[in-house]
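Report on the structure
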Amino acid sequence: MKKYLLLLVFTFAIRYISTGQSPAAPTPDVLISIGTLHTDLVYRISGKDKRLYQLFLGPKLINTEVLKQIKNSDHQAYATYGTGNLFEPAIRMTHTDGNASLELKYVSHKTENNDKNVTITRIVLKDPEYPVEVILNIKAFVAEDVIEQWVEIIQNESKPVTIFNYASSMLHFDAGKYWLTQFHGDWAEEMKMQESELTSGIKIIDTKLGTRAHMYQTPVFFLSLNNKSDENTGELIAGTLGWSGNFQFLFEVDEKNSLRVISGINPFASEYLLQPGKIFKTPSFFFTYSNKGKGLASRNLHRWARNYGIMDGNKTRLTLLNNWETTYFNFDQPKLTALLDDTKKMGLDLFLLDDGWFANKYPRNDDRAGLGDWQENKAKLPDGLGYLVKEADKRGVKFGIWIEPEMVNPKSELYENHPDWVLKFPNRPEIYYRNQLTLDLTNPKVQDFVYNTIDDMLTKNPGIAFIKWDCNSMITNPYSVYLKDQQSHLYIDYVNSLYSVLDRLRQKYPELPIMLCSGGGGRVDYGALKYFTEFWASDDTDPLERVYMQWGYSYFFPAISVCNHITSWGKQSLKFKTDVAMMGKMGYDIQVNGLSANELKFSQDAIANYKRLSEVIWHGDLFRLISPYDENRACLMYINSTKNKAVLFEYTLNARYGETFNTIKLQGLDPAKTYKIQEINVSGERKGPLSTENGKSYTGDYLMNIGLNIGSGQPLTSTVYEITEPDGQ
Ligand code: GLA
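Residues numbered from 1 in each chain as written. Predicted model: local features only at pLDDT ≥ 70, side-chain atom pairs only at ≥ 80, totals over all residues. Heavy atoms only, no water.

1. Details of the site of the ligand
As a matter of local geometry, the ligand sits amid 13 residues, with Asp-354, Asp-355, Arg-434, Lys-468 and Asp-539 nearest to it. Asp-355 places a polar side-chain atom, nitrogen or oxygen, 2.6 Å from an oxygen atom of the ligand. Residue Arg-434 places a side-chain N or O atom 2.9 Å away from an oxygen atom belonging to the ligand. For the ligand, the accessible surface in isolation is 310 Å², of which the surrounding protein chains cover 97%. Considering only residue class, the shell around the ligand consists of 4 nonpolar, 3 polar and 6 charged. (Near = heavy atom within 4 Å. Polar contact = N/O pair within 3.5 Å; in protein donor to acceptor, adjacent residues only side chain to side chain. Areas by Shrake-Rupley, 256 points an atom, 1.4 Å probe, with all protein chains shown as cover. Nonpolar A, V, L, I, M, F, W, Y, C, P; charged D, E, K, R; others polar.)

This is the structure:
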């Protein structure tokens, strides 16, 4: 009894300390519910302390008011520092008087309908003692089941205040166990998947690369609750940050086994001086909740990305021939003209001229010189880009061009003329990555230079129909002459400056397809992708590697955005290479004149197949059937929304002695429809008999519950099937 009394006194004391007020008659709690078709995110405004708490994140409830019955929900929605929170905060700042604490109390909230499908809820929180306001923005994409969160911080003190932490999102979970799936890599090794259990304490996934988020660690994750999830079972969220620079995901399991997930810009070396009256807006964190495994989470993200996340996600794409791997820097006008012929011969839409076409004083004949001098190289292109555009047009193909406008080689006229436009430390030797340095995009003059370089090129050559925008280096010398004594703004201002240049370009060129590239897949994120139609996934185009890599990307990014090229990497057959590339946005980077007659015919037919089926691959729903991480083969399929056309890809990666592969059960079909199975990509190159399933018809019911007997069982072979409801075409 005595012990109990003591506990009561102690609890009372804690509460008294934590609120700083004497207990008054509590007013009732109010709930803020944000819902999509299948998900609810619910906050509680405490009547007692006026703080905002996250009450629930999970499947759609019939009535969220029942949540009021939950006891002890004390997960602060946007936890601060210095006013009771003893774990990692979402926000931390020091006021002008030196007070390093922040209290946030609920002021108001409002939900508006953007349109029938999108709601935006703005929750205003305020410090009762200091003129600091924090607005939590939560956008719900109803049909796609995706939620976007970002935060605005505003201060009206007499002088600037310093903010040290400024998360985009803070989410809380209460589960028995937490399983984190993360993706890591390097140049030519993107998207390697790892899964581990979160243990108590903090786990951080981040990068500090400046110009890009991706590489080393990718700004995406799955978090499975209680048990590991697979394609069709398990409760999880899939999260990603839309920010093309330093990012951080922080996972903290506390003493009660609760988990907080804090996502946003990496606060590393980035304390920010916020001027009075100015708004600090964080990038957006996007997530989807699924209680039916990773497959559903991916389909939610894909649908959202096509509708809202990437540029023109519901439109079509150009198939192309790129010259990078066939010529590297070594080309001239006749060689390129021949490649235009090859583009036509293959049946492709566009020829993409890669690196090496520019610079004269320091010609771009390798990666050590010329970057930044964006004038046509007179020796290689005596008649300029205009000539190539015209020649392409004559052949009925389009012309596209590579550019890397944020970068400079020290051996360039740009560097000679504007040494102060380059990011580099005073009193230190320059550190290079790929022999180059990053331009100081925080400087408005550099922003104009980047904008004008592209605008001039497109104005002079309006026939340019495609751009590949590269960014081959991270920020290796983080110091800006322009930023003077605010060096800790560099990482944030760089990315915002990039976005403002892209905004300007998109205003003038709203329809130009642009591929996002960053030394392979270094810059893949939804902050950048709203300006880009597609991305270069990796310089590694070995198809065996690509099965794993593309599998990884497919969790978070739709097939229409992932550029897969058929190249000379890897010793596998042309068919295997083609079948692997076809699961996304297919393109070519091969010596067309080195193809045998059979190979040429095979490729022409495959391109025609691709064009016929691209609508399903680009805009259909993806079902991953067999993971290469689980078996010696991989299998996936796309199906259109009316469920009368599907494409299935099967890859045998390896086969142990005596190994037999089971039939593959399909997914996503209409059980009542009858489908015809036709093996494609079989002309010329294909060795051996066609699949025994070729030409057969089955109901969707059969295909999903009994399955297809497909695949040759030979290592590094593949089969592709067109699955059609004949009456439904
Ligand atoms: C990067 C890209 C390649 C190619 C080269 C050109 O590495 O990823 O595709 O464009 O630059 O230098």
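2. Describing the state of the cysteines
Here the structure, examined in full by the defined rule, presents 0 disulfides. No disulfide involves Cys-517; its sulfur sits 8.9 Å from that of Cys-471, the nearest cysteine. Residue class for Cys-517 comes out buried when judged on its relative accessible area of 2%. (Disulfide = S-S within 2.5 Å. Buried < 20%, exposed > 50% of the residue type's maximum accessible area, 1.4 Å probe, protein only.)

3. Focus on the sheet that holds strand 4 (residues 91-94)
Ordered by their spatial adjacency, 3 strands build an open sheet running 4-9-18, and the pairing between neighbours is antiparallel. Looking at which strands have only one partner, the edges of the open sheet turn out to be strand 4 and strand 18 (272-274). Going from strand to strand, the sheet's axes swing by 35 degrees on average, the running direction of each strand aside. Looking at chain direction, strand 4 and strand 9 (residues 161-166) are connected through 4 bridges and run antiparallel. Across the sheet, residue Arg-92 finds its bridge partner in strand 9, namely Asn-165. (Pairing = 2+ DSSP bridges. Helix = DSSP H or I, 4+ residues; strand = E, 2+ residues; numbered from the N terminus. Axes fitted to C-alpha atoms, helices over the stretch in contact; angles between N-to-C directions.)

4. Some thoughts on unusual backbone geometry
The phi angle at Tyr-216 is positive, at roughly 70 degrees, despite the residue not being glycine. By the element assignment, Tyr-216 lies in the loop between strand 13 (201-206) and strand 14 (217-225). When its relative accessible area of 36% is taken as the criterion, Tyr-216 is described as partly exposed. The backbone of Lys-484 sits at a positive phi, close to 50 degrees, despite the residue not being glycine. Counting through the fold element by element, Lys-484 comes out in the loop between strand 26 (464-469) and helix 8 (490-508).

5. What to know about the domain arrangement of the chain
Split into domains, the chain comes out as domain 1 (74-309), domain 2 (320-617) and domain 3 (622-724). When each unit is reduced to the centre of its C-alpha atoms, the spacing between domain 1 and domain 2 is 31 Å. Taken together, the contact pairs 49 residues of domain 1 with 46 residues of domain 2. The junction of domain 1 with domain 2 conceals about 3,700 Å² of combined surface from both sides, 63% of it contributed by carbon and sulfur atoms. Considering only the side of domain 1, the residues that lose the most area to domain 2 are Thr-211, Arg-212 and Trp-243, jointly responsible for 17% of the buried surface there. Taken together, the links from domain 1 to domain 2 amount to 0 salt bridges. Applying the counting criterion to the domain 1 and domain 2 interface returns 21 residue pairs in polar contact (both at pLDDT 80 or more). Among the elements of the structure, strand 14, strand 15 (235-242), strand 18 and helix 2 (293-309) are those that each provide at least two residues to the side of domain 1 that touches domain 2. By residue number, the principal contributor to the side of domain 1 that touches domain 2 is helix 2, which donates 8 residues. (Domains from an automatic or database assignment. Contact = heavy atoms within 4.5 Å. Buried area = accessible area lost by both parts, 1.4 Å probe. Salt bridge = Lys/Arg side-chain N within 4 Å of Asp/Glu carboxyl O.)

6. Comments concerning the sheet that holds strand 13
Within the open sheet, the 4 strands sit side by side as 10-17-16-13. Their pairing is antiparallel. Strands at the two margins of the open sheet, each flanked by one partner only, are strand 10 (169-174) and strand 13. If you compare each strand with its neighbour and ignore which way they point, the axes differ by 15 degrees on average. Examined bridge by bridge, strand 16 (residues 247-253) and strand 17 (residues 258-265) share 7 bridges and lie antiparallel to one another. Each bridged residue has a counterpart across the sheet, and for Leu-250 the counterpart in strand 17 is Ile-262.

7. Describing the packing of helix 9 (residues 543-554) against helix 10 (residues 574-581)
Across the interface, helix 9 lies against helix 10 with an axial gap of 10 Å and an inter-helix angle of 15 degrees. Put simply, helix 9 runs roughly parallel to helix 10. The crossing of helix 9 and helix 10 is left-handed. Taken together, the residues of helix 10 that come into contact with helix 9 (itself represented by Pro-543, Leu-544, Arg-546, Val-547 and Gln-550) are Phe-576, Lys-577 and Val-580. (Parallel < 35°, antiparallel > 145°, perpendicular 65-115°, else oblique. Left-handed = near helix turned anticlockwise from the far one by under 90°.)

8. What to know about the packing of aromatic side chains
Using the criterion set out here, one finds 41 aromatic pairs in the structure. Ring centres of Phe-141 and Tyr-308 lie 4.6 Å apart, and the angle between their planes is 50 degrees; on these two criteria the pair is classed as tilted. One end of the pair, Phe-141, is in strand 7 (residues 132-141); the other, Tyr-308, is in helix 2, with 167 residues separating them in the sequence. For the cation-ring pair, Lys-208 lies above Phe-268, with the distance from its terminal atom to the ring centre recorded as 5.1 Å. Looking at Lys-228, its charged tip hangs above the ring of Trp-179, at a distance of 5.1 Å from the centre. (Phe/Tyr/Trp six-rings, centres within 6.5 Å; stacked < 30°, edge-to-face > 60°. Lys NZ or Arg CZ within 6 Å of the ring centre and 35° of its normal.)

9. Remarks on the nonpolar core
Counting residues in each nonpolar core, the largest one holds 185 residues, and the members touching the most others are Leu-353, Trp-357 and Trp-469. At 10 residues, the largest contribution of residues to this core is made by helix 8. When sequence neighbours within four positions are dropped, the list of residues in contact with Leu-353 reads Asn-323, Phe-331, Leu-336, Leu-381, Leu-385, Leu-388, Phe-399, Gly-400, Ile-401 and Trp-402. Among the nonpolar cores identified, the runner-up in size contains 19 residues, and Phe-623, Ile-664, Tyr-675 and Leu-703 belong to it. (Core = buried A, V, L, I, M, F, W, Y, C linked by side-chain atoms within 4.5 Å.)

10. Quick look at helix 9
Its 12 residues place the ends of helix 9 15 Å apart at the C-alpha level, agreeing with the 16 Å of an ideal helix rising 1.5 Å per residue. With 9 of 12 residues buried, helix 9 lies mostly within the body of the structure. Listed in full, the buried residues belonging to helix 9 are Pro-543, Arg-546, Val-547, Met-549, Gln-550, Trp-551, Gly-552, Tyr-553 and Ser-554. In this structure Asp-542 caps helix 9, since a side-chain oxygen of it lies 2.8 Å from the backbone nitrogen of Leu-544. (Expected span 1.5 Å × (residues − 1).)

11. As for the pattern of salt bridges
Considering all chains together, one arrives at 36 salt bridges under this definition. Residues Lys-468 and Asp-354 are paired through a salt bridge, measuring 2.8 Å at the closest nitrogen-oxygen approach. With Lys-468 in strand 26 and Asp-354 in the loop between strand 22 (350-353) and helix 5 (384-394), this pair connects stretches of sequence that are 114 residues apart. Here Lys-468 and Asp-354 have matching classes, each one buried. The partner of Arg-523 in a salt bridge is Glu-406, with the nearest N and O atoms 2.6 Å apart. One end of the pair, Arg-523, is in the loop between strand 27 (514-516) and strand 28 (534-536); the other, Glu-406, is in the loop between strand 23 (398-403) and strand 24 (407-408), with 117 residues separating them in the sequence. Glu-406 carries the same exposure label as Arg-523, and that label is buried. Each of Asp-341, Glu-391, Lys-394 and Arg-395 takes part in a single network of salt bridges with overlapping partners.

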